[in-house]
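# Close look at the chain arrangement
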Amino acid sequence: MKTLKDFAILLLLLFIVAACTSETDSLPEEEKPVNVTLRLSVAGSGPVTRWQDTNVPADDKTELMKNWMVFVADASGNIVKVLTGTPSATDEVDEEVDEMEETVTLTSGHTYTFYSFANLSFDELNAAIGSGSSLSASSTGVMPDLSSVTFALNGNGFVPSTSGIPMSNKQTFGITASTTSIDLIVVRMLAKMELRFWNATASPITIKQVTLSEITPNADVLTGEGEKKNIFLLPKYETAGTENSMEAGDLTPNIATQQKANFSPTIDATTVAGSSYTEGTTDVTTDAPDATIAFYLNESQVADATPGYFALTVTTVTGDGTEEVQRYALLDNGGTDGWTGIPRNDYRIVPIVFDDYGLDIMPYDFPPIGVYPASVKEEDGKFTCTFHAGGHFHIVPTVRRLSDNAELGYSDAAIEGADTWTYSSWSPDADATIYEVCPDGETAPTTDGSDNGYAPVWDATNHYLFGKLKHDVTGTAYHELNIQVNKGTTAAYRTLTYKLHIIKE
């Protein structure tokens, strides 16, 4: 009997153990609770691993996380967890990466959305969301839809303070039974630009001011009814799913206003030493610049992708202090580097070489009596040529030395000798409709003649462009002219690029 009693007790214990474990072991693999550690870090960006530029001391933490909050919502949008905290203060931990001490119990087979913020308070977040939002560390219920929430940011000229740079992001992850950790990132809600300067002239040049065009204005200067917020709260990614990749470069501007303006950051007068750039020797991608200027700005998008560009104007004073010169750089997309937009979190590095050469453009046409002749206007490094009648025309470039306004000579076959220049290339505009079209089977002329030509081409004999406009159309065309200048006795080429906007009225 004793043996039977012991056996019965053993069976009872086994039943109790089985009952205790059946709640989880009997669940399907996709319905098990999983403890997941969340790892929060600041998104990298631009050409450097750390977003800080090299001019910021290593112990400067103004660009990093000061505090963070994470809302975890299930597939129905219900908030299942709110995490808040501050990065570790230990020397070993960088505030760009912070291991959350708290783990979250999630359910395998389910999808969760993580809304991450840094350097923002609950009050600031609720003010942006509006409509009586009351998110807090103890929030439950449904997470507000943040996809269309806008934010008021004064990123142009932003000065990091103890509160840090505001950051945000939204990521979605599917949880499996083997999920043990998730990498979350927060994205800085503004961009940064660093201008790196060299001087190819013999004399020092002092920079008084730099100005960028096509920049999103600060929220506090927006005008018009309802125009009080300038960007969206969350970042925008070019490709679905890239928000989970932890890779930089997938962002596209997410701007809430159409207003644009010139932006001139506050800078100290900066002198760039003469002869700090040597043609054929200095590498602007790897060599240390003679001077740098760095500043924060709002993410921005050019108004028109064709011929959209950002124009950088640099106001300088020459060595004797008496001559002020406007120098331009056109930050267009020119290929694959996306200069039609500057997204948030971007760290754009712009190398600039001061040279002693500039281009002038003069259009010539042959209008009938009573019709205005062609005119040209230079603005922010772009030439706009306006024609009031159709027919044959010329575009004549002249290259001058800026220091004394001396005109450079042209070299036919190749650049020979100091201060000579030659034509390099001219980009066609395949969408232009203002030019006469060469008939099928015929060859377009490459030498100027009386009333000949179609779309503009370079005349290697006369050293200018020529073409022919239609009489009965109006419109525009966009081109790019590249020339090469030799500033030494050997072939020390400098390629100069200019935009031309041709208007037929």
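Residues numbered from 1 in each chain as written. Predicted model: local features only at pLDDT ≥ 70, side-chain atom pairs only at ≥ 80, totals over all residues. Heavy atoms only, no water.

## What to know about the overall build of the chain
Put simply, the rule reads: Each helix is a run of H or I in the DSSP string that is no shorter than four residues. Each strand is a run of E no shorter than two, and both are numbered from the N terminus. Here's how the labels work: a residue is buried when its accessible area is under 20% of the maximum for its type, exposed when over 50%, partly exposed in between, all with a 1.4 Å probe on protein chains only. Two residues qualify as a contact provided that any one of their heavy atoms is within 4.5 Å of a heavy atom in the partner residue. Using the Shrake-Rupley algorithm and a 1.4 Å probe, accessible areas are obtained, with residue cover drawn only from the displayed protein chains.
Looking only at helices and strands, one finds two helices and 32 strands in the chain. A buried classification covers 45% of the 505 residues belonging to the chain. Contacts spanning at least 24 positions in sequence make up 73% of the contacts within the chain whose residues lie at least 6 apart. Carbon and sulfur atoms form 50% of the exposed surface of the chain, whose accessible area is close to 24,500 Å².

## Brief notes about the pattern of salt bridges
Threshold: The salt bridge definition used is simple: a Lys or Arg side-chain nitrogen within 4 Å of an Asp or Glu carboxyl oxygen.
Counting across every chain of the model gives seven salt bridges. Note that E194 is salt-bridged to R196, the shortest N-O span being 2.6 Å. Side by side, E194 and R196 carry an identical accessibility label, which is buried. Overlapping salt bridges, with partners in common, bring together D360, R400 and E407 in one network.

## Observations regarding the environment of D290
We apply this condition: Within 3.5 Å is the distance limit for a polar contact, defined as a pair of N or O atoms, with the added protein rule that one can donate a hydrogen and the other accept it, and that residues adjacent in sequence qualify only through two side-chain atoms.
You can see D290 is positioned in the loop between β15 (270-272) and β16 (291-297). The class of D290 is partly exposed, set by a relative accessible area of 35%. For the pair D290 and Y277, spaced 13 residues apart in the sequence, the C-alpha separation amounts to 8.6 Å. Not counting residues within four places of it along the chain, the set of residues in contact with D290 comprises F197, W198, T271, V272, A273 and S276. For D290, the side chain forms a polar contact with the main-chain nitrogen of A273, separated by 2.7 Å.

## Details of the sheet that holds strand β28 (residues 420-426)
To keep it simple, the criterion reads: Being paired, for any two strands, means DSSP has found at least two bridges between them.
Spatially, β23-β24-β32-β31-β28-β27 is the arrangement adopted by the six strands of the open sheet, whose pairing is mixed. Because the sheet does not close on itself, it has two edges, and the strands there are β23 (375-379) and β27 (409-410). Bridge analysis of β23 against strand β24 (residues 382-387) gives five bridges, and the strand direction is antiparallel. Of the residues in β24, the one forming a bridge with K377 is T384.

## Some words on the sheet that holds β16
How we decide: A fitted line through C-alpha atoms serves as each axis, taken over the contacting stretch for helices, and the angle formed by two N-to-C directions is quoted from 0 to 180°.
Judged by pairing direction, the sheet is mixed, and its three strands sit side by side in the order β16-β9-β21 without closing on themselves. The open sheet terminates on both sides in strands that have one partner only, identified here as β16 and β21 (347-354). Adjacent strand axes in the sheet meet at a mean angle of 20° when their direction is disregarded. Judged from the eight bridges that link them, strand β9 (residues 191-199) and β21 form a sheet pairing that is parallel. Bridge pairing links F197 to I352 in β21.

## A word on the side chain of K468
Mapped onto the elements, K468 comes out in strand β30 (residues 464-469). Judged by its relative accessible area of 17%, K468 falls in the buried class. From its side chain, K468 meets the backbone oxygen of D451 in a polar contact 3.3 Å long. Apart from the residues lying within four places of it in its own chain, the contact partners of K468 are G391, H392, F393, I434, Y435, E436, D451, N452, G453 and Y454.

## Thoughts on the side chain of N298
Position of N298 among the secondary structure elements: in the loop between β16 and β17 (300-301). A residue is classified by how much of its surface remains accessible, and N298, at 0% relative accessible area, is buried. Here the side chain of N298 touches N218 through a polar contact of 3.0 Å, side chain to side chain.

## Structural notes on the packing of aromatic side chains
Heads up, the rule is: Pairing of aromatic rings covers Phe, Tyr and the six-membered ring of Trp, with a centre-to-centre limit of 6.5 Å; geometry is then stacked below 30 degrees between planes, edge-to-face above 60, and tilted otherwise. Only when the NZ atom of a Lys or the CZ atom of an Arg is both within 6 Å of the ring centre and within 35 degrees of the ring normal do we say a charge sits over the ring.
Scanning the model with the defined rule gives 13 aromatic pairs in all. Aromatic pair F71 and F117: ring centres 6.3 Å apart, planes at 75°, arrangement edge-to-face. Residue F71 is located in strand β2 (residues 68-73), and its partner F117 is located in strand β5 (residues 111-118); the two are separated by 46 residues in the primary sequence. Comparing F71 with F117, the two get one shared label, buried. Relative to Y498, the ring of F383 lies with its centre 6.1 Å away and its plane at 55°, an arrangement referred to as tilted. In this pair, F383 is assigned in strand β24 and Y498 in strand β32 (residues 493-504), connecting sequence segments 115 residues apart. There is no split in this pair, since F383 and Y498 are both buried. Members of the aromatic cluster, connected to one another through ring pairs, are Y410, W421, Y423 and W458. Lying across the ring of Y347, K192 places its NZ or CZ 5.9 Å from the centre.

## What about the environment of T447?
If you trace the backbone, T447 turns up in the loop between β28 and β29 (457-459). Note on T447: relative accessible area 42%, which makes it partly exposed. If we skip the residues at most four places from it in the chain, T447 touches N452, D459 and F466.

## What about a nonpolar patch on the surface?
To be explicit about the condition: Two distance rules govern patches: like charges are joined within 9 Å, and nonpolar side chains (Val, Leu, Ile, Met, Phe, Trp, Tyr) within 5 Å, applied only to residues with over 30% relative accessible area and no salt bridge.
On the surface, M362, Y364 and V376 cluster together into a nonpolar patch covering about 250 Å² of accessible area. Mapped onto the secondary structure, Y364 falls in strand β22 (residues 357-365). Y364 gets classed as partly exposed once you look at its relative accessible area, which sits at 42%.

## Describing helix α2 (residues 122-129)
Spelled out, the test is: The arc in question is formed by the directions pointing from the helix axis toward the C-beta atoms.
The complete set of buried residues in α2 reads L125, N126, A128 and I129. The buried residues of α2 all sit within an arc of 160° when viewed along its axis, so they share a single face. Across α2 from its buried face, at more than 90 degrees, point the exposed residues D123 and A127. Structurally, α2 contributes buried residues whose contacts are with β2, β5 and β6 (150-151). Residue G130 follows α2 closely and has a positive phi angle near 70°.

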